[in-house]
Amino acid sequence: MNPRLTFDVPSDVHQLLSYPFMVNALEAASVVAVMAAVVGWFMVLRGETFAGHTLSMMSFPGAAAAALAGLPLAAGYFAFCALGAVIIAGAAELGGAARQAQRSAVIGAVGAGALAAGYLLLSLYGGVLESLESLLFGSILGVTRGEVLTLALVALGVMAFLAVVARPLFFASVDGPLARASRVPVRALAVAFLLVLGLAVAATVQITGVLLVFALLVAPAGIARELTPRIGVSLALSVLIGLLIAWVGLGLSYFTNYSPGFFSTTLAIVLFALARAARSLPVR
Amino acid sequence: MPFSGFLGNALLAGSCIALLSGLIGWFVVLRGQVFAGDALSHVAFTGALAAAAAGLDLRVGLFAATVLVALLLGVLGERARSDDVTIGIVFVWTLGLGVLFLDLFNSGAAGANGTIAARTLFGSIFGLTAGEARLAALLAAGTAVALLAIGRPLLFASIDPPLAAASRVPVRALGLAFLVLLGLDAAEATQAVGALLLLGLLAAPAGAAHRLTANPYRGMALAMAIALLSTWIGLALSYWISGIPPGSAVIGVAVAFYALTIAI
């Protein structure tokens, strides 16, 4: 059967859900979208966008190493992203004396180095051509029930952690010195957040691919931030936008046979541009 | 010539591209424009795949896309100081667009699936023909000469923009010209080490050189030397040990050099 978009919503949704692989993909994407939107919201607030970028690069050699060792890809993703989080946390400590330019050179070198290592491992594995594209740009195929469960567990853990530390983390992100003076453990929070970000990125990568993580991690929070200054509203909006981006990407990909990445990222940039434009309009 | 055939071609093109990337990378790190280099490398990927999908020579897409976006960055960069969220969303859209072109290309040319992505993203320097290598070398040399021609005022404008502007150095025009040269280098380096890895060739040797010396001329020479050495060692490694892709080897060696300078 060739799926065809009929613009009759119930029938389209029925078509979407008629294959188990599509149900798995949609569930996994929804779980990941909610988690990525919340973690990404804090990431944008803390100005750690490029840490997220580098963590996603780290996941590429992780997946390749896991494939080479015959382990499940998810194991490689989580292990390498956690490692990346530790490295970035360490580099932030070192970087105190280094100049800003040096630091960006380090980030650039680490990112390129991670991708180079991943490509090397993948070549050694010999599976370059089929898996490369889906590793880098995501794919709607091949999400199993087990993976959906793992993702859901990770998402639960991440959300529970954020729920517990939300208040001090917000305080520490907005005004570090004042938080420190009020005995909030700012440094411990920073390291813990990086680790959680690593987990979230490792989970997101499995849906969006290594290179398109920002579609779910940065875009929803960036758009929500443009629309409202209120914390709760903006967090909720970010989750809704994340789900919309994930669903539209998967749905259109299913009906057109093109990769979900193009649709997700295009929707993200269009929404972002609209939000920007709306904000610059005069307020009545 | 001791090296003929594909290894000779790779050495010729790779050496020229390495020298150019080392030199331009030194300015990139000095000016804090590593992320502009990152952006242009993403664009290189999309440009190459757009050309592939349209059935044109990859290099047409590479050069057209990178130079256009470099101009755009230069013009917009002055007025709108873009934050990392904007950059992130634009990045990811550029790559998303690249994926669409990849799909279009794959559905057009059955059987070529995957190779084009691997070639553009991670380079295919051993696949260059003699003519392509010579052209790449000439373009790299031309770009390097252009950069050296504006080198002194660019250095001044990078280190102290207000003072340079007061001394009637055209800071804005220089910034724009530099971004265009960076775009040309990104298009060149994509052929050697690929769109995803060229940032390593820009950032790692230059970062190492900046750590080792504050003297600009010594720094530029050092960055070029490290880039050249990384390329030679990397190409040798991937030539003698089968299974190691050249792009990975070159970047691996360059990053190792950088790590070494941080460690000592």
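Given the structure is predicted, the values throughout are model-derived calculations rather than measurements. (Residues numbered from 1 in each chain as written. Chains lettered and ligands numbered in written order. Predicted model: local features only at pLDDT ≥ 70, side-chain atom pairs only at ≥ 80, totals over all residues.)

Next up on the list: the overall build of chain B. Helix and strand counts for chain B stand at 12 helices and 0 strands. The secondary structure elements of chain B, listed N-terminal to C-terminal, are α-α-α-α-α-α-α-α-α-α-α-α. Over its C-alpha trace chain B gives a radius of gyration of 18 Å, about what one expects of a compact globule, namely 18 Å for 264 residues. By its C-alpha atoms, chain B is 60 × 40 × 35 Å across when sized along the principal axes. Out of the 264 residues belonging to chain B, those deemed buried represent 58%. The contacts of chain B with a sequence gap of at least 6 include a subset with a gap of at least 24, amounting to 76%. (Helix = DSSP H or I, 4+ residues; strand = E, 2+ residues; numbered from the N terminus. Rg over C-alpha atoms; globule rule 2.2 N^0.38 Å. Buried ≥ 20, exposed ≤ 12 C-beta atoms within 10 Å, placed from the backbone. Contact = placed C-beta atoms within 7 Å.)

To continue, consider the overall build of chain A. Of the regular secondary structure elements, chain A holds 13 helices and 0 strands. Sequence-ordered secondary structure for chain A, helices as α and strands as β, is α-α-α-α-α-α-α-α-α-α-α-α-α. A globule of 284 residues ought to have a C-alpha radius of gyration of about 19 Å, and chain A, at 19 Å, matches this closely. Here chain A, with 284 residues, has 51% of them falling under the buried criterion.

With that settled, consider unusual backbone geometry. Phi at Arg-183 of chain A is positive, roughly 65°, even though this residue is not glycine. Among the structural elements, Arg-183 of chain A can be located in the loop between helix 8 (176-181) and helix 9 (186-208). Unusually for a residue other than glycine, Arg-168 of chain B sits at a positive phi of about 60°. By the element assignment, Arg-168 of chain B lies in the loop between helix 8 (161-166) and helix 9 (171-193).

We now examine the nonpolar core. Residues Val-32, Met-35, Leu-197 and Ala-268 of chain A together with Ile-89, Leu-201 and Ala-254 of chain B are the most contacted members of the largest nonpolar core, which totals 206 residues. Among the elements that take part in this core, helix 2 (residues 20-46) of chain A stands out by supplying 18 residues, more than any other. Residues contacting Leu-197 of chain A, with those up to four places away along its chain left out, are Val-39, Met-43, Ala-51, Gly-52, Leu-55 and Ala-85 of chain A. (Core = buried A, V, L, I, M, F, W, Y, C linked by C-beta atoms within 7 Å.)

Here the focus is the interface of chain A and chain B. Taken together, the contact between chain A and chain B spans 45 residues of the former and 44 residues of the latter. For the side of chain A that touches chain B, the secondary structure elements donating two or more residues are helix 3 (49-69), helix 5 (100-125), helix 6 (128-137), helix 10 (214-217), helix 11 (219-227) and helix 13 (260-280) of chain A. It is helix 5 of chain A that contributes the most residues to the side of chain A that touches chain B, 18 residues altogether. Among the residues forming the side of chain A that touches chain B, the class breakdown is 28 nonpolar, 15 polar and 2 charged. (Nonpolar A, V, L, I, M, F, W, Y, C, P; charged D, E, K, R; others polar.)

A separate point is the packing of helix 1 (residues 5-30) of chain B against helix 9 of chain B. Residue and element names in this part refer to chain B. Running from N to C, helix 1 and helix 9 cross one another at 145°; their axes reach a closest spacing of 10 Å. Every pair of crossing elements has a handedness; the one defined by helix 1 and helix 9 is left-handed. In this structure, helix 1 uses Ala-13, Gly-14, Ile-17, Leu-20, Ser-21, Ile-24, Phe-27 and Val-28 to contact helix 9, whose residues at the interface are Phe-178, Leu-181, Leu-182, Asp-185, Glu-188, Ala-189 and Ala-192. Among the residues forming the contact of helix 1 with helix 9, the class breakdown is 11 nonpolar, 2 polar and 2 charged. (Axes fitted to C-alpha atoms, helices over the stretch in contact; angles between N-to-C directions. Left-handed = near helix turned anticlockwise from the far one by under 90°.)

Residues and elements named next belong to chain B. Helix 5 (residues 115-122) packs onto helix 2 (residues 34-54) with a crossing angle of 145° between their chain directions and a minimal axis gap of 9 Å. In this structure, the crossing between helix 2 and helix 5 has a hand that is right-handed. Residue-level inspection shows Phe-45, Ala-48, Leu-49 and Ala-52 of helix 2 in contact with helix 5, the latter providing Ile-116, Thr-120 and Leu-121. Broken down by class, the residue content of the contact of helix 2 with helix 5 amounts to 6 nonpolar, 1 polar and no charged.

So, about helix 7 (residues 151-159) of chain B. Residues and elements named next belong to chain B. Buried within helix 7 we find Leu-154, Ala-157 and Ser-158. Each buried residue of helix 7 sits inside an arc of 100° when the element is viewed along its axis, so together they form one side. In this structure, helix 7 carries Arg-152 and Ile-159 as exposed residues pointing more than 90 degrees from its buried face. (Arc of directions from axis to C-beta.)

The next subject is helix 2 of chain A. When the terminal C-alpha atoms of helix 2 of chain A are compared, their 39 Å separation across 27 residues agrees well with the 39 Å that a helix rising 1.5 Å per residue should span. Once helix 2 of chain A finishes, Gly-47 of chain A follows within two positions and takes phi at roughly 65°, a positive value. (Expected span 1.5 Å × (residues − 1).)

Right, let's talk about the confidence of the model for chain B for a bit. Residues and elements named next belong to chain B. Mean pLDDT over chain B: 85, with 93% of residues reaching 70 or higher. Helix 5 is the least confidently modelled element of chain B, averaging 77 in pLDDT, while helix 11 (residues 216-240) averages 93, the highest of any element. Scoring the predicted complex yields pTM 0.84 and, for the interface, ipTM 0.84. (pLDDT = per-residue confidence, 0-100.)

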